[in-house]
Amino acid sequence: MSSEPRPHPVPPSLAARRRPARTLSRLAGVALVAGALVTGGGTAAAAAPGGSPADASAARVTPGPCAYTQTPEDPAARPVPLPPDPRRTPDRGTVRVTLRTNQGPIGLTLDREAAPCTVQSFLHLVRHRFYDRTSCHRLTAYPTLRVLQCGDPSGTGSGGPGYRYADELPTDLPPAPTDPTGVRRLYARGTLAMANAGPDTNGSQFFLVQSDSALRPNYTVFGTIDAAGLATLDRIAAGGIAPTVEDPAPVDGAPALPVDIRRAVRHHHHHR
């Protein structure tokens, strides 16, 4: 299999009109069909970091170790500043966030040690209410890929925060038992990870793993989903995927039960 991102079969109603797809590019298990969890449109076309020289000269980059980089070629779906980027990025401990959705709560535990820059960006977007009043645009039901993808205020799968940052890829995921080649890794039920449009193109879109899934280890893992959140995901998955004229029985597309994030809330714990 080529390591290049493959076309991503999204219904026309979800296809990105202009921006690159932010998906689980190279999603495993769908070898012949797609093979990608991408953010965005019909293809997981990974824009080269920085874009053209003109784009690079126009883009702002934060000075710290996370180097959050503006993407003038891919403007924000909802205005938000670049995240803070201190020289000593917090890299210990966990942070609790709850996605309050119309289908029920989804509690997340973010792991700073696993992905400090990702957690910092996610909390920045929560603080600026970037995720409030957004919909989760994609549900998959492949045998080896069952996830819900969220984080795009435009609801198309192509929107992001107007910046990107580098991968913080997992190195300890076990091999996926469904992949005899050993290439794909197990993204276990309850995993929280970033969708992307290729290497180092993380933005705002993320995916919630509802059932053990097999993926190339190209997606940053930055936390876990609690029991109540998994119960919510199970209800959403049981509702299936909305049929379209082109595909009356889809395995990848908009959830039949619309999933709206009404509010993303960070929980502050005070320690003595």
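Residues numbered from 1 in each chain as written. Predicted model: local features only at pLDDT ≥ 70, side-chain atom pairs only at ≥ 80, totals over all residues. Heavy atoms only, no water.

Chemist: Residue-level account of the confidence of the model for the chain, with values.
Modeler: On average, residues of the chain score 84 in pLDDT, and 78% of them reach the 70 mark or higher. Every residue in residues 1-19 scores below 50 in pLDDT, and together they form 56 contacts with partners more than four places removed in sequence or on other chains. In this model, residues 41-56 is a region of pLDDT below 50 whose contacts with residues beyond four sequence positions or in other chains number 38 contacts. (pLDDT = per-residue confidence, 0-100. Contact = heavy atoms within 4.5 Å.)

Chemist: For the packing of aromatic side chains, give the residues involved together with the corresponding values.
Modeler: A full pass over the atoms with the stated rule returns 11 aromatic pairs. Seen from their ring centres, Tyr 68 and Tyr 165 are 5.4 Å apart, and the 75° between their planes marks the pair as edge-to-face. Within this pair, whereas Tyr 68 is found in the loop between helix 1 (53-58) and strand 3 (69-70), its partner Tyr 165 is found in the loop between strand 9 (163-164) and strand 10 (185-187), the two being separated by 97 residues in sequence. On the basis of relative accessibility, which here comes to 2%, the residue Tyr 165 falls in the buried class. On the numbers, 6.5 Å between centres and 35° between planes, the contact of Tyr 163 with Tyr 165 is tilted. (Phe/Tyr/Trp six-rings, centres within 6.5 Å; stacked < 30°, edge-to-face > 60°. Helix = DSSP H or I, 4+ residues; strand = E, 2+ residues; numbered from the N terminus. Buried < 20%, exposed > 50% of the residue type's maximum accessible area, 1.4 Å probe, protein only.)

Chemist: Can you tell me about unusual backbone geometry, naming the residues and giving the values?
Modeler: Comment: phi is negative for the bulk of residues other than glycine, and the bulk of peptide bonds are trans. You will see that Arg 129, though not glycine, has its phi angle at about 60°, which is positive. Mapping Arg 129 onto the fold places it in the loop between helix 2 (116-127) and strand 6 (134-135). Here the phi dihedral of Arg 133 falls at roughly 60°; this positive angle occurs in a residue that is not glycine. With respect to the helices and strands, the residue Arg 133 is situated in the loop between helix 2 and strand 6.

Chemist: Go over the nonpolar core, please, and point to the residues and values.
Modeler: Judged by nonpolar contacts, the single largest core of 38 residues is most densely connected at Leu 108, Leu 110, Phe 122, Leu 148, Phe 206, Leu 208 and Phe 222. Counting residues per element, this core draws most heavily on helix 2, at 6 residues. Counting residues in each nonpolar core, the second largest holds 12 residues, with Leu 145, Ala 193, Phe 207 and Val 221 among its members. (Core = buried A, V, L, I, M, F, W, Y, C linked by side-chain atoms within 4.5 Å.)

Chemist: Now, about the side chain of Asp 132: what can you tell me, with residues and values included?
Modeler: Summarising the element assignment, Asp 132 is placed in the loop between helix 2 and strand 6. In this structure Asp 132 comes out as buried when scored by relative accessible area, which is 0%. Here Arg 263 takes part through its side chain, which lies 3.1 Å from a polar atom of the side chain of Asp 132. (Polar contact = N/O pair within 3.5 Å; in protein donor to acceptor, adjacent residues only side chain to side chain.)

Chemist: Account for the environment of Arg 87, naming residues and giving values.
Modeler: With respect to the element layout, Arg 87 can be found in the loop between strand 3 and strand 4 (94-101). Separated by 22 residues in the primary sequence, Arg 87 and Pro 65 have C-alpha atoms spaced 6.2 Å apart.

Chemist: Give a description of the state of the cysteines that names residues and reports values.
Modeler: Tallied over the entire structure, the rule returns 2 disulfides. Here Cys 66 pairs with Cys 117 through a disulfide, and the sulfurs are 2.0 Å apart. A torsion of -85° about the S-S bond marks the disulfide between Cys 66 and Cys 117 as left-handed. With a gap of 51 residues between them, Cys 66 in the loop between helix 1 and strand 3 and Cys 117 in helix 2 connect regions that are remote in the sequence. Across this residue pair, the class does not change: Cys 66 and Cys 117 are buried. Through a disulfide, Cys 136 is tied to Cys 150; the S-S separation comes to 2.1 Å. (Disulfide = S-S within 2.5 Å.)

Chemist: Lay out the side chain of Asp 85 with the relevant residues and their values.
Modeler: As for its placement among the helices and strands, Asp 85 is situated in the loop between strand 3 and strand 4. This buried residue, Asp 85, is left without a salt bridge; Arg 60 holds the nearest opposite charge, at 9.7 Å. At 3.0 Å, the side chain of Asp 85 forms a polar contact with the backbone nitrogen of Gly 64. A polar contact is formed between the side chain of Asp 85 and the backbone nitrogen of Ala 67, at a distance of 2.9 Å. Beyond its immediate stretch of four places on either side in the chain, Asp 85 contacts Thr 62, Pro 63, Gly 64, Pro 65, Cys 66, Ala 67, Tyr 68 and Gln 120. (Lys, Arg positive; Asp, Glu negative; His and termini not counted. Salt bridge = Lys/Arg side-chain N within 4 Å of Asp/Glu carboxyl O.)

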